[in-house]
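Summary of the model geometry
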Amino acid sequence: MKFSISREALLRPLSLVAGVVERRQTLPVLSNVLIEVHNDSVSLTGTDLEVELIGRAVPSLVDEPGSVTVPARKLMDICKSLPDQSEITFTLEDARVVLRAGRSRFTLSTLPVAEFPNIEDGQNDTNLSLPRGTLKYLIDATSFAMAQQDVRYYLNGMLLELGNHIVRTVATDGHRLAVCERSAEIELETHRKLIIPRKGVLELGRLLDGSDEPVELSLGANHVRAHTGEFTFTSKLVDGKFPDYDRVIPKGGDKTFIAERQELRQILSRTAILSNEKYRGVRLHLETENLKVMANNPEQEEAEENVGIEYDGDSLEIGFNVGYLIDVLNVLDADRMQMTLSDSNSSALMEEPGGGDARYVVMPMRL
């Protein structure tokens, strides 16, 4: 195997593919990236057995096609550290890969290509196409609410629902819930619900851009595959039943206020400085045209802020984890936000004024 490629052509696919590769692996070959050289293309594959990403690049020159696996992180660090516009030549010599660029020379170890696993092709029973921007927006709007290492393994991921002319994503960690939906030009005979694991969601989000270019989705019984031109992404699905999120969304709250999103976010961030570091609780005191935000901690330190809001109703005091509120304010699109409450023991509903694509539910805290 011998080929040449420019640093820039290699770096983008390599950095995305290396993101899939875990630092600590049970199988040594999983910390490697598989490089396959054809006459006019180079493909790079990284996998952790749950998620697989294949990136493609165009070489400057191919002297000899072939395939090899090399340590992903080391290769990426070498490429990053080379000067811009460098031309890199790869040569396989005696089970080692030699990289040459200008006066630099690096020799990397290899492992047998035969040991490199690939996620088996299952039956793809549904194929559809979405604008990349739509899917990215849905992921960005909800992925922050996914659980991390929850024993309820189906919460460590995101629900992707596909129906006639609608795409919906849902994520929850049991304390908060994010739901976002967009209309799309898709037609399905049967409604599909997939739970994509946390890592798959994050990697897919990195892969997509906000354009109207299509991403082709192939849905199987136990995996989902996405094609975006030069990348092919595959993720196994979580086998489980996602909770009935519709039951969690509060209905009939009678106290609704509207606030400036950025202003409220800054006030919550300042108040959080003096909240209890472990529980991060803040108290919201709602009254006519004013919201008072209070926090204190075991050192008897206190913070209090007031912000003007649009509200005319009964007063209410309720506690929340301030981090959950700030997370929602970070992803809401509009300049203003609307919060609907009913009492101090019921969940709050946060959304754009008048409702938008996304709805967020945050459970209260007892303070």
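In this numbering scheme, every chain counts its residues from 1 along its sequence in written order. Residues qualify for local features only when their pLDDT is at least 70, as the model is predicted, and side-chain atom pairs are given and counted only at 80 or more; totals for whole chains, interfaces and linings, by contrast, use all residues. The basis for the side-chain values is all heavy atoms of the structure; hydrogens and waters are excluded.

**A short note on the overall build of the protein chain**
Think of it this way: any DSSP run of H or I at least four residues long counts as a helix, any run of E at least two long counts as a strand, and we number them from the N terminus. Secondary structure assignment for the protein chain yields seven helices and 25 strands. Structurally, the protein chain occupies a C-alpha span of about 80 × 55 × 35 Å along its principal axes. Taken over 367 residues, the protein chain has a buried fraction of 51%. Whether two residues touch is decided by their heavy atoms; if any such pair falls within 4.5 Å, the residues are in contact. If you take every contact in the protein chain between residues at least 6 apart in sequence, the share linking residues at least 24 apart comes to 67%. Counting every atom, the protein chain has about 17,800 Å² of accessible surface; 44% of that belongs to carbon and sulfur. Charge separation in the protein chain, taken as the distance between the mean sites of 40 positive and 57 negative side-chain charges, equals 6 Å. Throughout, exposure labels follow a simple rule: accessible area from a 1.4 Å probe, protein chains only, divided by the maximum for the residue type, with under 20% read as buried, over 50% as exposed, and the rest as partly exposed. Only the protein chains shown count as covering a residue, and every accessible area follows the Shrake-Rupley method with a 1.4 Å probe. When charges are counted, Lys and Arg contribute as positive and Asp and Glu as negative, whereas His and the chain ends are disregarded. Where a charge lies is defined by one atom per residue type: Lys uses NZ, Arg uses CZ, Asp uses CG and Glu uses CD.

**With respect to the sheet that holds strand 4 (residues 51-57)**
One requirement defines pairing of two strands: DSSP has to find at least two bridges between them. Spatially, eight strands are ordered 6-2-3-4-17-16-15-10 in an open sheet, and the strand pairing comes out antiparallel. Taken across any chain shown, the strands that pair with only one partner, and hence form the sheet edges, are strand 6 (66-71) and strand 10 (124-131). Geometrically, the sheet is characterised by an average inter-axis angle of 15 degrees between neighbouring strands, direction not taken into account. As judged from the six bridges shared by strand 2 (residues 32-37) and strand 6, these two strands associate in the antiparallel manner. Across the sheet, Ile35 pairs through a bridge with Val68, a residue of strand 6. Structural elements are reduced to axes, namely lines fitted to C-alpha atoms, with helices fitted over the stretch in contact, and the angle between N-to-C directions of any two is expressed from 0 to 180 degrees. In the packing of helix 1 (residues 7-20) onto the sheet, contacts are made with strand 2, strand 3 (42-47), strand 4 and strand 17 (231-236), and the angle to strand 4 comes to roughly 175 degrees.

**Some words on the packing of aromatic side chains**
Stacked, edge-to-face and tilted labels apply to pairs of Phe, Tyr and Trp rings (six-membered ring for Trp) whose centres lie within 6.5 Å, assigned for plane angles under 30 degrees, over 60, and everything in between, in that order. All chains considered together, the criterion is met by three aromatic pairs. Judged by centre distance (5.8 Å) and plane angle (40 degrees), the rings of Phe144 and Tyr360 are tilted. With Phe144 in the loop between helix 3 (132-142) and strand 11 (157-163) and Tyr360 in strand 25 (residues 358-362), this pair connects stretches of sequence that are 216 residues apart. Judged by relative accessible area, Tyr360 falls into the buried class, the value being 1%. When the centroid spacing of 5.7 Å and the interplanar angle of 70 degrees are considered together, the rings of Tyr153 and Tyr154 count as edge-to-face.

**Structural notes on the side chain of Glu52**
For Glu52, the location among the structural elements is in strand 4. Put simply, a salt bridge is a Lys or Arg side-chain nitrogen that is within 4 Å of an Asp or Glu carboxyl oxygen. No salt bridge is formed by the buried Glu52; its nearest oppositely charged neighbour, Arg225, is found at 4.6 Å. Setting aside its immediate chain neighbours within four residues, Glu52 contacts Thr45, Gly46, Thr47, Pro117, Asn118, Ile119, Thr232, Phe233 and Thr234.

**Some words on the nonpolar core**
What we call a nonpolar core is a set of buried Ala, Val, Leu, Ile, Met, Phe, Trp, Tyr and Cys residues that are connected through their side-chain atoms within 4.5 Å. Judged by nonpolar contacts, the single largest core of 99 residues is most densely connected at Ile35, Leu75, Phe90, Phe257, Leu268, Leu284 and Met339. Of all the elements, helix 1 adds the most residues to this core, at seven residues. In contact with Ile35, other than residues within four places in its own chain, are Phe3, Val42, Ser43, Leu44, Gly66, Ser67, Val68, Val70, Leu75 and Phe90. Counting residues in hydrophobic clusters, the runner-up holds 11 residues, among them Ile195, Val238, Tyr245 and Val361.

**Remarks on unusual backbone geometry**
Phi is positive for Ala95, close to 60 degrees, though the residue is something other than glycine. In this structure, Glu289 is a non-glycine residue whose phi angle is positive, near 60 degrees. Looking at where Glu289 falls in the secondary structure, it is placed in the loop between strand 19 (281-287) and strand 20 (290-296). Look at Glu289 and you get exposed, because its relative accessible area is 55%.

**Let's talk about the pairing of strand 24 (residues 348-351)**
Neither face of strand 24 is left uncovered, since the one carrying Ala348 and Met350 and the one carrying Leu349 and Glu351 both have all their residues buried. From the end of strand 23 (residues 336-341) to the start of strand 24, which pair antiparallel, there are six residues. Summarising the sheet, strand 24 and strand 25 pair through four bridges and their orientation is antiparallel. Paired with Ala348 across the strands is Val362, a residue of strand 25.

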